[in-house]
Every structure is written in C-alpha cells, then in structure tokens.
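Observations on the model geometry
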Amino acid sequence: MKEFLDCGQIVNTHGIRGEVRMVPWADSPDFLCGFSTLYVDGAAKKVQASRVHKGSVIAKLDGVETVEGAMALKGKTVQIRRSDAKLPEGAFFLADIIGLDVVDGDGQKIGVLKEVLSPSVQQVYVVRGEREIMIPAVPEFILETNIEGGYIKVRLIEGM
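My aim in this report is to walk through the structure given alongside it, one point at a time. Sequence order as written defines residue numbering, which begins from 1 separately in each chain. Side-chain atom pairs in this predicted model are given and counted only at pLDDT of 80 or more, local residue features only at pLDDT of at least 70, and totals for whole chains, interfaces and linings cover all residues. Here the side-chain values reflect all heavy atoms present in the structure, with hydrogen atoms and water set aside.

Let's talk about the overall build of the chain
Here is the rule we go by: Helix and strand definitions follow DSSP, with helices as H or I runs of at least four residues and strands as E runs of at least two, each counted in order from the N terminus. Think of it in three bands: residues with accessible area under 20% of the maximum for their type are buried, residues over 50% are exposed, and the middle band is partly exposed, with areas taken using a 1.4 Å probe on protein chains only. Whether two residues are in contact is decided by their heavy atoms: any pair within 4.5 Å suffices. Using a 1.4 Å probe, the Shrake-Rupley method yields the accessible areas, and only the shown protein chains count as cover for residues.
On a plain count of helices and strands, the chain comes out with three helices and twelve strands. Taken along its principal axes, the extent of the C-alpha atoms in the chain is 60 × 25 × 25 Å. Out of the 160 residues belonging to the chain, those deemed buried represent 36%. Restricting the contact set of the chain to residue pairs at least 6 apart, pairs at least 24 apart contribute 47%. For the chain, the accessible surface area stands at approximately 9,400 Å², while carbon and sulfur atoms represent 49% of it.

If you want it as structure tokens, here you go:
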C-alpha cells in the first residue's frame, strides 16, 4: 500500500492572502479539514487553517503568503500520509481496492476492479474480465472486501 494517497486537487486561489481552493477526492470535504499537514509535489505543507466552502476546501498553507504563491499551486494534486488518516472500522481507501480481483460466491474470478464511479448516492464498481460488469457497491452485491487477501467477493444477479 502506498504511503501517500491522492486526496484532492488545488483548483484555484481564494482571496488575496494566499489561500487555495481544493476539490476534495473524499466522501466529504470535512475529511480534508482534519489534517494538519498536506503534501504537494512531495513537500509537506502545514495547514494553518482550513474550512469547507460550497463543497470545496479553502486552506491556508504554510509558506504560501500571496495570490501569486497560491496560483503557482493551481492544478497540483494534494496528498495525505496514510498513517495520518483515521478511518472508521470497516472503511477503506478506494485506492486500496482498485486492481483487486473480483470473485463470485464460489471464489471463481470474474475480473479485476478497474474503476469506481460515484454517479449518485451509491458507488458503482466497474469490473473488467471477459466482459465489463457494473456492480452497485451495496451490501446486497458486495459480500466481502478483503484487501489483505487481494479480492472482493460479490453476488451477481441475472442480467449483470
């Protein structure tokens, strides 16, 4: 597993004091506000302050004091250190399941998880094997997620 995880992107500046606006790649922008250090281009940036604003995160990063300094970060991917993240029991990072084998209830390989879509309230797993299958990521279909074992066990229904 990777030590650093992509968690968002700096999309613009905010105000005139060097704040940046980030689009979070997490379940909630509040998740990103819980970190005291973020990483940009591998460099640690202490978070002086952060807040949620219209679904984005506005952050004041150490060493970024001007609009020009913030503009230099535009388009950059923001990362967190895995060990800094505290996930609830049973939760996992999507980056950890992409590439896992997807098997049926009997353990037969169906394919590999290639992508996770978030079109609405629930996520959808895109599995590629002999054909592409889209599986809603709900307990009725996802029986087990075993990251250490390298597989996701699913129940398919006719027509999938």
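Here's the deal with the sheet that holds strand β6 (residues 77–81)
What counts is decided by this rule: At least two DSSP bridges between two strands are required for those strands to pair. Every angle, taken between N-to-C directions, lies between 0 and 180 degrees, and every axis is a line fitted to C-alpha atoms, over only the stretch in contact when it is a helix.
Reading around the barrel, the six strands line up as β1-β2-β5-β4-β3-β6 and close back on themselves, with antiparallel pairing between neighbours. Ignoring strand direction, the axes of neighbouring strands in this sheet form an average angle of 45°. Here strand β3 (residues 37–40) pairs with strand β4 (residues 43–53) via four bridges, running antiparallel. Within β4, the residue paired with Y39 across the bridge is A44.

Here's the deal with the nonpolar core
Across soluble globular proteins, nonpolar side chains show a tendency to be buried alongside one another. Basically, it comes down to this: By convention a nonpolar core is built from buried Ala, Val, Leu, Ile, Met, Phe, Trp, Tyr and Cys residues, the set being connected through side-chain atoms within 4.5 Å.
Among the nonpolar cores identified, the biggest contains 20 residues, and V20, M22, L38, L61 and I80 are the most heavily contacted of them. In this view, L38 contacts M22, A43, A44, K45, V47, L61, V78, Q79 and I80; residues no more than four positions away in its chain are not counted. Grouped together as the second largest cluster of nonpolar side chains are 17 residues, L100, V102, I142 and I152 included.

Observations concerning unusual backbone geometry
Despite not being glycine, D41 has its phi angle at roughly 55°, a positive value. Secondary-structure assignment places D41 in the loop between β3 and β4. Overall, D41 belongs to the exposed group, its relative accessible area being 59%. Phi is positive for K54, close to 55°, though the residue is something other than glycine.

A look at the sheet that holds strand β11 (residues 142–146)
The strand order β10-β9-β8-β7-β12-β11 describes an open sheet built from six strands, whose pairing is mixed. For this open sheet the edge positions go to β10 (132–136) and β11, each flanked by a neighbour on one side alone. Averaged over all neighbouring strand pairs, the angle between strand axes comes to 30°, with direction disregarded. Two strands pair when backbone bridges link them, and strand β8 (residues 109–117) and strand β9 (residues 124–129) are joined in this way by six bridges, in the antiparallel orientation. What sits directly across from L113, in β9, is V127.

A look at the packing of aromatic side chains
Using the following cut-off: Stacked, tilted and edge-to-face are the three classes applied to pairs of Phe, Tyr and Trp rings, where Trp contributes its six-membered ring and a pair requires centres within 6.5 Å; stacked means planes under 30 degrees apart, edge-to-face means over 60, and tilted covers the rest.
Under the definition given, this model contains two aromatic pairs. Relative to F35, the ring of F31 lies with its centre 5.2 Å away and its plane at 75°, an arrangement referred to as edge-to-face.

Structural notes on the environment of P139
Tracing the sequence through the fold places P139 in the loop between β10 and β11. With relative accessibility at 66%, the residue P139 sits in the exposed group. Residues P139 and I16, spaced 123 residues apart in sequence, show a C-alpha to C-alpha distance of 47 Å.

A short note on the environment of V23
Tracing the chain through its elements places V23 in strand β2 (residues 19–24). Sequence separation between V23 and P136 is 113 residues; the distance between their C-alpha atoms is 25 Å. When sequence neighbours within four positions are dropped, the list of residues in contact with V23 reads C7, G8, Q9 and V11.

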